[in-house]
Amino acid sequence: MNEAFDVAIIGGGPAGSSAGTLLAQAGRRVVIFEREKFPRFSVGESTLPAILNTLERMGVSEKIEQGGFLVKHGGEIVSACGQRVRFYFRNGFRAKRPTAYQVLRSEFDQILLDHAAESGCEVRQKTPVESFGIDDEGVTLRPGNGKQVVQARYVIDCSGRNCLIGNQFQLKRRFPHLRKFSLYAYYEDVRREEGPNGTLTRMVRTRDSWFWMIPLRGNTTSIGVVMDTEKFKALKMSPERALTQCVAEQPAVHQWMEKARRVTDVFATGDFSYRNAQLSGDRWLLAGDAAGFIDPVFSSGVYLALLSGEQAADALNMALDRPQQRAKAFRYYERRIGRVLDIYLRWASAWYTQEFIEVFLYPKEIFGLVPTVSAVLSGNEIRDFGMRWRLCIFHVLVALQKRTSKIAPKLTLLPKAT
Ligand SMILES: Cc1cc2nc3c(=O)[nH]c(=O)nc-3n(C[C@H](O)[C@H](O)[C@H](O)COP(=O)(O)OP(=O)(O)OC[C@H]3O[C@@H](n4cnc5c(N)ncnc54)[C@H](O)[C@@H]3O)c2cc1C
């Protein structure tokens, strides 16, 4: 039997759910194919205030609020040698949203996917899409056992790092300097401050790695370490032993974990940043990690997934209503999402340089640089001229630090108890 939809979406993560919800709410016939049965585990708990814009447009804010996730006020960046800086979303340049959430992704993603279904999407779980065909008229998919043929006028690839279309069309550009590997687990009884400071995502930068410590609801904390893939291979250890050793070597992490107990397995994931050279074709769009995956250091993944899902829905609503406007709508999508991907790519690359971390950890209270940096860390798209020139100054300071080391004191990044 053949079935026909306006839009088929591959993947029911945040990108697929936001795209599906907004298309279905506009009256489109939408099907979402999801390989797994939700709830399913996913890493990526720390979110940015900018996601609240998309959640509001989707009409799901209240359900997320009722989910009881920890309200997050900002972040803290610490060097292994003891320098520390905290930023609060409320202090961001022209900040509109003072908070975000630290979420259990299994629950968060389920709320979003259920909401997509309630908004009118047909959601088919445990239904992987392995192959597809695209021609001038639309797209043909054979999901699940392949017996059924599904046709749609457009497809959005939201398959995450599985990157179905990007791989098939060989669009992926990888970044060799961001060939990273992460080890992570959940812990209970990690020490936590009272009040808003106890909600901050804490990042600890060492000479050749960095840690995240993300407080979650109750007394659970997600802790992970990111290092070069080559370093992990050279350790020649199991993920459990490697994570334990990495933590033990860093007092800035370990001193918070004296009473902590690990309550999950240790997970190991390659996180190689990439970006697809093209984000759209005549009949397809890429959203979320399927468009590009940027090192998780600035917690941009869920934000980019929701924003690109939302923008893909806008582009397709335009293309479905006025086919002659399709090329323009898709070009706008490419430019907008491409620009945000590039900003975080630049910041993630900079994070691994010594000069960036030195300037970052000795913030200059001039020209509104601190609020501008806080705004980037909140998911501001930097479309405002006032922010753009301030960011240029920040990058000039980083470049000067590299040449002269006179902008900020040098950091050893060697372990030191604080
Ligand atoms: C180590 C690590 C730490 C991270 N930390 C953070 C963080 O703190 N904050 C943050 O914002 N982001 C973080 N991220 C990134 C974040 O998890 C992702 O950017 C986000 O999940 C992307 O959402 P998505 O909807 O694009 O993809 P996903 O959430 O991956 O969803 C894709 C869905 O597609 C399904 N799928 C895949 N292939 C198929 C197929 N063939 N057919 C049907 N379904 C398919 C999958 O089952 C999955 O449910 C981290 C990532 C890593 C690797």
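Only a predicted model underlies this, so the values are computations on that prediction, with no experimental measurement involved.

Draft legend 1. Examining the overall build of the protein more closely. Scanning the protein from N- to C-terminus turns up 13 helices and 18 strands. Here the protein has a C-alpha radius of gyration of 22 Å; the compact-globule value for 418 residues is 22 Å, and the two agree. Its C-alpha atoms give the protein principal-axis dimensions of about 65 × 45 × 40 Å. In the form shown here, the protein has an accessible surface area of approximately 17,800 Å², with 50% of it arising from carbon and sulfur atoms. Looking at charge distribution, the protein has the averaged site of its 58 positive side-chain charges lying 6 Å from that of its 44 negative ones.

Draft legend 2. Up close: the domain arrangement of the protein. Annotation of the protein at the domain level lists domain 1 (2–69 + 105–171 + 277–345), domain 2 (176–272) and domain 3 (351–404). Each of domain 1 and domain 2 has a C-alpha centre, and the two are 30 Å apart. In this assembly, 14 residues from domain 1 lie in contact with 18 residues from domain 2. Between domain 1 and domain 2, the buried area comes to about 1,300 Å², and carbon and sulfur atoms account for 60% of it. Contact with domain 2 buries area across many residues of domain 1, yet Phe 41, Glu 45 and Asp 295 alone supply 37% of it, more than any other trio. On the surface where domain 1 and domain 2 come into contact, there are one salt bridge. Split into classes, the residues belonging to the side of domain 1 that touches domain 2 amount to seven nonpolar, three polar and four charged.

Draft legend 3. Representation of a positive patch on the surface in the model. Taken together, the side chains of Arg 322, Lys 328, Arg 331, Arg 335, Arg 339 and Arg 388 define a basic patch exposed on the protein surface. Element by element, the count of residues in the positive patch is highest for helix α10 (residues 326–351), at four residues. Position of Arg 335 among the secondary structure elements: in helix α10. We classify Arg 335 as exposed; its relative accessible area is 54%.

Draft legend 4. Structural view of the site of the ligand. In the vicinity of the ligand, 38 residues are found, and the nearest of them are Glu 34, Ser 46, Arg 105, Asn 162 and Asp 289. One of the backbone N or O atoms of Ala 15 is found 3.0 Å from an oxygen atom in the ligand. Glu 34 is positioned such that a nitrogen or oxygen atom in its side chain is 2.6 Å from an oxygen atom of the ligand. Protein contacts shield 95% of the accessible area of the ligand, which totals 1,000 Å² for the unbound molecule. Of all the secondary-structure elements, those providing two or more residues to the shell around the ligand are α1 (14–25), β11 (172–188), β13 (209–215) and α9 (301–321). Looking at which element gives the most residues to the shell around the ligand, the answer is α9, with three residues. Looking at the shell around the ligand residue by residue, the classes come out as 16 nonpolar, 13 polar and nine charged. The two domains that each donate at least three residues to the shell around the ligand are domain 1 (2–69 + 105–171 + 277–345) and domain 2 (176–272).

Draft legend 5. Representation of the side chain of Glu 34 in the model. In this structure, Glu 34 sits in the loop between β2 (30–33) and α2 (51–58). Arg 40 provides the closest opposite charge to the buried, salt-bridge-free Glu 34, at an N-O distance of 4.8 Å. Residues contacting Glu 34, with those up to four places away along its chain left out, are Gly 11, Gly 12, Gly 13, Arg 124, Gln 125, Lys 126, Thr 127 and Pro 128.

Draft legend 6. Examining the packing of α9 against α10 more closely. The N-to-C vectors of α9 and α10 enclose an angle of 170°; their axes lie 8 Å apart at closest approach. Taken together, the axes of α9 and α10 lie roughly antiparallel to each other. Facing α9, whose interface residues are Tyr 303, Leu 304, Leu 307, Ser 308, Gln 311, Ala 312, Ala 315, Leu 316, Met 318 and Ala 319, α10 presents Arg 326, Ala 329, Phe 330, Tyr 332, Tyr 333, Arg 336, Ile 337, Val 340, Leu 341 and Tyr 344. Of the residues belonging to the contact of α9 with α10, the class tally is 16 nonpolar, two polar and two charged.

Draft legend 7. Structural view of a negative patch on the surface. Taken together, Asp 135, Asp 136, Glu 137 and Asp 282 make up a surface patch of like negative charges. Tracing the chain through its elements places Asp 136 in the loop between β8 (132–134) and β9 (139–141). Given the relative accessible area of 66%, Asp 136 is considered exposed.

Draft legend 8. Representation of the pairing of strand β16 (residues 267–276). Pairing between β11 and β16: nine bridges, direction antiparallel. Within the sheet, the bridge partner assigned to Ser 182 lies in β16 and is Thr 269. Direction of pairing for β16 relative to strand β18 (residues 292–293): antiparallel, over a ladder of two bridges. Within the sheet, the bridge partner assigned to Arg 275 lies in β18 and is Gly 292.

Draft legend 9. Broad picture of the pattern of salt bridges. According to the stated counting rule, one finds 27 salt bridges in the structure shown. Note that Arg 28 and Asp 321 form a salt bridge whose closest N and O atoms lie 2.9 Å from each other. With a gap of 293 residues between them, Arg 28 in the loop between α1 and β2 and Asp 321 in helix α9 connect regions that are remote in the sequence. Looking at Asp 321, the relative accessible area reads 52%, which means it is exposed. Through salt bridges with shared partners, one network takes in Glu 76, Arg 84, Arg 86, Glu 193 and Arg 202.

Draft legend 10. Representation of the environment of Glu 122 in the model. Examined against the element boundaries, Glu 122 turns out to sit in strand β7 (residues 122–124). Ignoring any residue separated from it by four or fewer positions in sequence, one finds Glu 122 in contact with Phe 5, Val 30, Val 31 and Ile 32.

Draft legend 11. Expanded view of unusual backbone geometry. With an omega of 0°, the peptide bond between Phe 38 and Pro 39 qualifies as cis. Take Pro 39: it is sitting in the loop between β2 and α2. You will see that Cys 163, though not glycine, has its phi angle at about 50°, which is positive. Looking at the secondary structure, you find Cys 163 in the loop between β10 (149–157) and α5 (164–168). The residue Asp 189 is not glycine, and still its phi comes out positive at about 65°.

Reading the values: rules and limits
Residues numbered from 1 in each chain as written. Predicted model: local features only at pLDDT ≥ 70, side-chain atom pairs only at ≥ 80, totals over all residues. Heavy atoms only, no water. Helix = DSSP H or I, 4+ residues; strand = E, 2+ residues; numbered from the N terminus. Rg over C-alpha atoms; globule rule 2.2 N^0.38 Å. Areas by Shrake-Rupley, 256 points an atom, 1.4 Å probe, with all protein chains shown as cover. Lys, Arg positive; Asp, Glu negative; His and termini not counted. Charge placed at Lys NZ, Arg CZ, Asp CG, Glu CD. Domains from an automatic or database assignment. Contact = heavy atoms within 4.5 Å. Buried area = accessible area lost by both parts, 1.4 Å probe. Salt bridge = Lys/Arg side-chain N within 4 Å of Asp/Glu carboxyl O. Nonpolar A, V, L, I, M, F, W, Y, C, P; charged D, E, K, R; others polar. Patch = residues over 30% accessible without salt bridge, like charges linked within 9 Å, V, L, I, M, F, W, Y side chains within 5 Å. Buried < 20%, exposed > 50% of the residue type's maximum accessible area, 1.4 Å probe, protein only. Near = heavy atom within 4 Å. Polar contact = N/O pair within 3.5 Å; in protein donor to acceptor, adjacent residues only side chain to side chain. Axes fitted to C-alpha atoms, helices over the stretch in contact; angles between N-to-C directions. Parallel < 35°, antiparallel > 145°, perpendicular 65-115°, else oblique. Pairing = 2+ DSSP bridges.

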